[in-house]
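So the chains spell out like this:
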Amino acid sequence: MNEFGRILLVEDDAKDVDLTLNALAEYNLANEVVVVHDGEEALDYLNRRGNFRTRPRENPAVLLLDLKLPKVDGLEVLRHIRESDALRLIPVVVLTSSREERDMVASYTLGVNAYVVKPVNFHEFVNAIKELGVFWAVINEPPPGSMPKRG
Amino acid sequence: MISPRRILMYALALVGVASAVALTLAAELVGFRKLEVPLILFVLAAAVWYGGFGPGIVAIAAGIASIAYLFTEPRFSFYIDRADVGYFVVFVLFAALIGWFALRRRRIEQELRNARDELEARHANLLDVTHDAIFVRGFDGGITYWNRGAQELFGWTPVQAVGRNANELMLTVFPRPIEDILDELLRTGRWEGELGKTRADGRELVVASRWSLQRDHHQQAAAILETNNDITERKAAEARIRKLNADLELRTHELEASNDELAAEVAMRLRYANLLELANDAIFVRAWDGTITYWNRGAQELLGWTPEQACSQKAQELLHTVFPASRDEVQQELLCVGRWEGELIQTAANGRQVIFATRWSLQCDAAGQPSAVLEANDDITERKRAEERIQKLNLDVERRTLELEASNKELEAFAYSVSHDLRAPLRHVAAYSELLQKQAASVLDERCKRYVENLVDSAKKMGMLIDDLLAFSRIGRAETRTTLVSLADLAREVVRDMERETDGRDVEWRIGELPEVHGDRSMLRLALANLLANALKFTRPRAQTRIEIGSRETPSGEFVVSVRDNGVGFDMRYVDKLFGVFQRLHSGETFEGTGIGLATVQRIVTRHGGRAWAEGAVDAGATFYFSLPKP
C-alpha cells in the first residue's frame with residue numbers, strides 16, 4: 001500500500017478495504033490508494049497532522065468516504081472538508097452500505113460530489129468501484145493543487 | 001271747709017269794692033261825681049261772676065256800707081237819711097238783680113262747663129280705656145291729645161308728648177311718601193297702613209295705623225286722629241311664620257327631592273336586587289368588617305344558607321374562605337384598584353368545598369372610605385375537576401407521545417443500523433463467495449461449485465429481503481408529501497414499466513376510469529406497482545392474462561380502486577394473512593417474492609386514511625381493493 005496516493009479511501013472495515021482494493025487492482029489503480037481507518041485519521045491526513053505531517057502538500061484527487069466510521073463519522077469529515085479553505089475543492093464520493101434517505105440528503109446538502117451505495121452483488125460492486133476509480137482518478141481533471149498523475 | 005280759692009274770692013270782692021270806692025273818691029277830686037254806684041255794681045257783677053253767691057253778698061254789703069258811710073249825708077256816718085232809704089232800696093234791688101243775673105249766668109256757665117268736662121272726661125276715659133294707642137295731632141304735626149294706650153305703647157306720658165311733633169318724636173317710617181298719604185287722607189278723610197315707629201326706650205315697633213281727618217266748622221283740615229295697634233309681635237310672628245313657611249317649603253322641596261331620589265334608589269336597588277336574584281352566581285355583599293348584608297338566591301343554592309341565616313354573619317367565619325394568595329395581598333389589591341379577581345375555596349353549609357371564580361368590587365361611602373365588598377362567585381368546581389382530568393389526560397397523551405416518539409426513534413436507529421451493518425457482512429459473504437467461485441473454479445468439483453452458487457444466491461436473496469424490509473419500514477417513518485395525484489396517469493406509468501418485463505406473455509391491461517386523489521405520489525405509485533406486480537406474478541400460469549384496474553365511488557364519500565386478475569387466486573380462509581409482513585400463501589419456488597409487497601400496500605393506504613382488502617377464490621382469480629378519501 002502506497003503511503004501517498006491520489007485516492008484517499010476512508011474505510012474502517014478491513015474486508016471492504018480488501019474488496020475495494022481488489023476491484024481497483026483490476027485497473028492497476030490499487031497503488032494510487034491511501035487508506036485511513038477512521039474519521040480522525042482522515043482529518044489528520046488531510047490537515048497533515050500526526051502521522052501524516054510529512055505527506056506532500058498536494059491534496060488527493062478524490063476521497064472515497066464511508067459514512068459509518070469510528071470516532072469522527074463520515075458526515076463530520078465531509079463538513080470539515082467543505083468548511084476548510086484548504087480542502088473544500090477536493091472531490092468527495094460517499095461509498096456506503098446504506099440507502100437511507102436522510103444520509104443522502106445530508107451528504108448532498110454538505111456538497112458531496114457523488115453518492116454510491118455498495119451493491120450486495122460482487123460483480124456490481126467491482127464494476128462500481130472500477131468505474132469510480134477510473135473516472136475520478138483518471139478521466140476527471142482534479143482541481144488545482146491536487147496530486148499529479150504518476151508517470 | 002272753705003277752700004283758699006274761695007277765701008281769695010271773698011277777699012277779691014272786698015278789694016274790688018274798696019277799689020271802686022277809691023276810684024270814686026279819686027274821680028270826685030277831679031270833678032266827676034256820683035260814680036260810686038256804677039262802679040260798685042260793676043264790682044258786684046264781677047264778684048258774683050267770678051266768686052259766686054257769697055262774694056256777691058259780701059260785695060253788696062260792703063258796697064252799701066261804703067255808700068252809706070262815704071257818699072250819703074251825713075258823710076262819714078252810717079246813718080241813713082230817710083230820704084235816702086229809697087235810693088238804697090233801689091240800689092240793693094238793682095244790685096240784687098245784677099247779682100242774680102250774674103249768678104245765673106255763672107251757674108249756666110258752670111253747668112255747661114261741667115257738662116262739657118263730664119263729656120270730655122267720659123270720652124277721655126273711653127279713649128284711655130282702649131288699649132289702642134290714640135293720639136291727635138294737628139296738621140302741622142303737633143300732638144294735641146295722647147291717650148293712655150299711647151303712653152303704654154310709646155312710653156311717653158301725655159305731658160311729655162303733647163306739643164311735640166309726632167313724626168319727629170316717634171321717628172315714624174312711612175311705607176310710601178308722606179305726601180301720598182296726606183293726599184289720600186285729604187281726599188277720602190281716612191288712611192290705613194303699617195308704620196314703623198320708635199318707642200321712648202328706643203325699641204322699634206310696627207304699628208297698624210288708622211288715620212282720621214278732623215275738619216273744623218269751615219271744613220278745613222284741622223287735625224289727624226291716629227289710632228295705632230302694636231303689630232310688632234304679629235309682624236315678627238308673621239315674619240317667623242313666613243320664614244318657617246319658606247323653610248318648610250324648602251325642606252319640603254328637599255324632602256320631595258330626596259324622596260324622589262330614595263324612590264329611584266329603592267327602585268334601582270329593587271331592580272338590581274331582582275337581577276341579582278336571577279343570577280346563578282353566588283352573589284353577596286359584606287360590609288367592610290365582613291358582616292354579610294346581602295345574600296342572593298344563587299348564594300343560597302350554591303352554599304346552602306338562606307339569606308336570613310347568612311346575613312349579619314361574618315363572611316370569613318361562615319365560609320372558611322381559603323385564599324390563593326395571602327389575605328393581605330388580596331386586600332391590598334382591592335383597596336388599590338377597587339376590584340379583585342381570583343379563585344377561592346369556600347365551604348358550603350353541608351361541608352362541601354366549592355371552588356369559586358370570584359370577582360370582588362369595592363364600594364365606598366360618600367367620604368371615599370371603603371364601606372362594603374360585593375362578591376360575585378361562579379362555581380367552577382366541576383370545571384376545575386374537568387380541567388384536572390383533561391390535564392391528566394393531556395399528560396398521559398404527552399407521555400404516550402413521548403414513548404411513541406422514543407420507540408419510533410429506536411425503530412429508526414434499528415433500521416439505520418440494519419441498513420448499514422447488516423448489509424456489509426452480507427456483501428462480504430457474497431463477494432468472497434464469488435471470488436472463490438472465480439479463482440478456485442479449477443479446483444472445485446461440481447458439487448462444491450453448486451454449494452458456492454447457493455451461497456451467492458442466498459446472500460443475494462437476503463440482500464433483497466433487507467432492502468424490502470427497509471423500504472417497508474421507511475414508509476412508516478417517512479414524511480408524506482401530499483399533492484393532487486391522478487391515479488389514471490400513475491396506472492399508465494406503472495403499466496408501461498411492467499410491459500418491459502412481460503416479454504412473451506399475452507397480457508391484456510384494462511385501465512378504467514380512475515379518480516384524482518390527495519396523496520404522496522411516490523407512495524401511491526409504489527402501492528399501485530406492488531398490486532400490479534402481484535397480479536402479473538400470479539397470472540403467469542395463464543396463457544392469456546387479463547388485468548383490470550377500475551374504481552367506483554361509495555356513498556360515504558370514498559374512492560375504491562380495484563385490481564382484478566384472472567390468476568391462480570387464493571383461499572379466502574387465509575385472506576387475513578395476505579397483508580401481513582413475510583406472510584406468503586405460495587412457496588418461493590412457485591412464485592418468487594419476499595412477502596412484503598401487500599404489507600407495504602396496506603401501510604401506504606392506511607397512511608392515506610384508507611384501507612385495503614381482497615377477494616378471491618382458488619384458481620378463480622383475485623381482486624384487490626383499496627379505498628382513499630375523496631379530495
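Right above here is the structure, for reference.
Below is a summary of the structure that appears in this document.

Within chain B one finds 18 helices and 17 strands. Taking all 631 residues of chain B together, the buried fraction comes to 36%. Of the contacts formed within chain B by residues at least 6 apart in sequence, a portion of 54% connects residues at least 24 apart. Split by element, the accessible area of chain B, about 37400 Å² in all, is 56% carbon and sulfur.

Below, the discussion takes up unusual backbone geometry. Residue and element names in this part refer to chain A. With a phi close to 60°, N28 is a non-glycine residue in the positive phi region. You will see that R48, though not glycine, has its phi angle at about 55°, which is positive. Mapped onto the secondary structure, R48 falls in the loop between α2 (39-46) and β3 (62-65).

A few words on the packing of helix α17 (residues 521-538) of chain B against helix α18 (residues 597-607) of chain B. All names here are of chain B. The interhelical angle for the contact between α17 and α18, taken along N-to-C directions, is 145°, at an axis separation of 9 Å. Relative to α18, α17 is oriented so that their crossing is left-handed. Across from M523, L524, L526, A527, N530, L531 and N534 in α17, the residues of α18 making contact are G597, L598, T600, V601, I604 and R607. A breakdown of the residues in the contact of α17 with α18 according to their chemical character gives eight nonpolar, four polar and one charged.

Geometrically, a pair of aromatic rings is defined through the distance of the ring centres and the angle of the planes. Residue and element names in this part refer to chain B. As enumerated under the stated definition, the model contains 19 aromatic pairs over all chains in all. Ring centres of W146 and F154 lie 5.8 Å apart, and the angle between their planes is 45°; on these two criteria the pair is classed as tilted. In terms of burial, W146 and F154 fall into one category: buried. The rings of F135, W146 and F154 are connected pair by pair, giving a single aromatic cluster. Lying across the ring of W360, R286 places its NZ or CZ 4.5 Å from the centre.

Moving on: the interface of chain A and chain B. With 25 residues of chain A at the interface, the matching set in chain B holds 25 residues. In total, chain A and chain B occlude about 2200 Å² of area from one another, counting both sides; carbon and sulfur atoms represent 49% of this. For the pair chain A and chain B, the interface holds two salt bridges. When the shortest N-O distance is used, the salt bridge between A:E26 and B:K438 registers 3.7 Å. Inspection of the region where chain A meets chain B yields seven residue pairs in polar contact (both at pLDDT 80 or more). Taken together, the elements giving at least two residues each to the side of chain A that touches chain B come down to α1 (14-25), α4 (101-109) and α5 (122-139) of chain A. The greatest single-element share of the side of chain A that touches chain B, amounting to five residues, is contributed by α1(A). The class makeup of the residues in the side of chain A that touches chain B is seven nonpolar, six polar and twelve charged.

Here the focus is the nonpolar core. Membership of the largest hydrophobic core comes to 41 residues, with the highest contact counts inside it found for B:W509, B:L532, B:I547, B:L578, B:F624 and B:F626. Mapped onto this core, the elements with two or more residues apiece are α16 (487-499), β12 (506-511), α17, β14 (544-553), β15 (558-565), α18, β16 (612-616) and β17 (622-629) of chain B. Once you skip the residues sitting within four places of it in the chain, B:I547 turns out to touch B:V507, B:E508, B:W509, B:R510, B:L532, B:A535, B:L536, B:V563, B:R564 and B:D565. In this structure, A:L8, A:A42, A:L46 and A:M147 belong to the second largest nonpolar core, which totals 26 residues.

A few words now on a positive patch on the surface. All names here are of chain B. A cluster of basic side chains, namely R5, R6, R113 and R116, defines a positive patch on the protein surface. Broken down by secondary-structure element, the contributors of at least two residues to the positive patch are α1 (4-29) and α4 (82-129). Tracing the backbone through its elements, the reader meets R6 in helix α1. Residue classification places R6 among the partly exposed positions, given a relative accessible area of 30%.

Residues and elements named next belong to chain B. In spatial order, the strands read β12-β14-β15-β17-β16; together these five strands make up an open sheet with mixed pairing. Here the strands that pair on one side only, and so sit at the sheet edges, are β12 and β16. Each adjacent strand pair in this sheet contributes to an overall mean axis angle of 15°, direction not counted. As paired strands, β14 and β15 are joined by seven bridges and run antiparallel to one another. Across the sheet, residue E548 finds its bridge partner in β15, namely R564. Docked against the sheet, α17 engages β12, β14, β15 and β17, running at close to 170° with respect to β17.

We now examine the pairing of strand β6 (residues 282-287) of chain B. Residue and element names in this part refer to chain B. With six of six residues buried, β6 is to be regarded as a mostly interior element. The side-chain alternation of β6 yields two buried faces, one formed by A282, F284 and R286 and the other by I283, V285 and A287. Two elements, β6 and strand β10 (residues 370-379), share six bridges in a ladder whose sense is antiparallel. Bridged to R286 within β10 is V373. Relative to strand β7 (residues 292-295), β6 runs antiparallel, the two being bridged by three bridges. From the neighbouring strand, R286 faces β7, where its bridge partner is I292. What sits between the antiparallel neighbours β6 and β7 is a turn of four residues, in which G290 has the positive phi angle 100°.

Attention now moves to α5(A). Between its first and last C-alpha atoms α5(A) spans 24 Å; for 18 residues at 1.5 Å apiece the expected length is 26 Å, and the two agree. Packing partners of the buried residues in α5(A) comprise β1 (7-10), α1, β3, β4 (92-96) and β5 (114-117) of chain A together with α14 (381-439) of chain B. At the N-terminal end of α5(A), a side-chain oxygen is found 2.9 Å from the backbone nitrogen of A:H123, two or three residues along, and the residue is A:N121.

Let's shift gears to the environment of B:P307. Residues and elements named next belong to chain B. If you trace the backbone, P307 turns up in helix α11 (residues 307-310). Accessibility expressed as a relative area gives 24% for P307, which makes it partly exposed. C-alpha separation for the pair P307 and I292, spaced 15 residues apart in sequence, amounts to 9.2 Å. If near-sequence neighbours (up to four positions away) are discounted, P307 is found in contact with W295 and Q300.

What follows concerns helix α3 (residues 53-71) of chain B. In a regular helix each residue adds 1.5 Å, so 19 residues correspond to 27 Å; α3(B) covers 26 Å between its end C-alpha atoms and thus fits that length. Within the sequence span of α3(B), burial applies to B:G54, B:P55, B:G56, B:A59, B:I60, B:A62, B:G63, B:S66, B:I67, B:A68, B:L70 and B:F71.

A few words now on the side chain of B:N228. Residues and elements named next belong to chain B. In this fold, N228 is placed in strand β5 (residues 221-230). Only 3.4 Å separates the side chain of N228 from the side chain of E226, close enough to count as a polar contact. Excluding anything up to four places from it in sequence, N228 contacts D132, A133, F135, L153, F154, K197, V207, A208 and S209.

Residue and element names in this part refer to chain A. Judged by pairing direction, the sheet is parallel, and its five strands sit side by side in the order β2-β1-β3-β4-β5 without closing on themselves. Every other strand in the sheet has two partners, leaving β2 (33-36) and β5 as the edge strands with one partner each. Across the sheet, the axes of successive neighbouring strands diverge by a mean angle of 20°, strand direction being ignored. Where β1 meets β3, four bridges bridge the pair, whose relative direction is parallel. If you follow L9 over to β3, its bridge partner there is L64.

Residue and element names in this part refer to chain B. Where nonpolar side chains cluster on the molecular surface, the patch consists of L29, V30, F32 and L35 and spans about 450 Å² of accessible area. Here L35 lies in the loop between α1 and α2 (36-51). The class of L35 is partly exposed, set by a relative accessible area of 31%.

Reading guide: rules and limits
Residues numbered from 1 in each chain as written. Chains lettered and ligands numbered in written order. Predicted model: local features only at pLDDT ≥ 70, side-chain atom pairs only at ≥ 80, totals over all residues. Heavy atoms only, no water. Helix = DSSP H or I, 4+ residues; strand = E, 2+ residues; numbered from the N terminus. Buried < 20%, exposed > 50% of the residue type's maximum accessible area, 1.4 Å probe, protein only. Contact = heavy atoms within 4.5 Å. Areas by Shrake-Rupley, 256 points an atom, 1.4 Å probe, with all protein chains shown as cover. Axes fitted to C-alpha atoms, helices over the stretch in contact; angles between N-to-C directions. Left-handed = near helix turned anticlockwise from the far one by under 90°. Nonpolar A, V, L, I, M, F, W, Y, C, P; charged D, E, K, R; others polar. Phe/Tyr/Trp six-rings, centres within 6.5 Å; stacked < 30°, edge-to-face > 60°. Lys NZ or Arg CZ within 6 Å of the ring centre and 35° of its normal. Buried area = accessible area lost by both parts, 1.4 Å probe. Salt bridge = Lys/Arg side-chain N within 4 Å of Asp/Glu carboxyl O. Polar contact = N/O pair within 3.5 Å; in protein donor to acceptor, adjacent residues only side chain to side chain. Core = buried A, V, L, I, M, F, W, Y, C linked by side-chain atoms within 4.5 Å. Patch = residues over 30% accessible without salt bridge, like charges linked within 9 Å, V, L, I, M, F, W, Y side chains within 5 Å. Lys, Arg positive; Asp, Glu negative; His and termini not counted. Charge placed at Lys NZ, Arg CZ, Asp CG, Glu CD. Pairing = 2+ DSSP bridges. Expected span 1.5 Å × (residues − 1).

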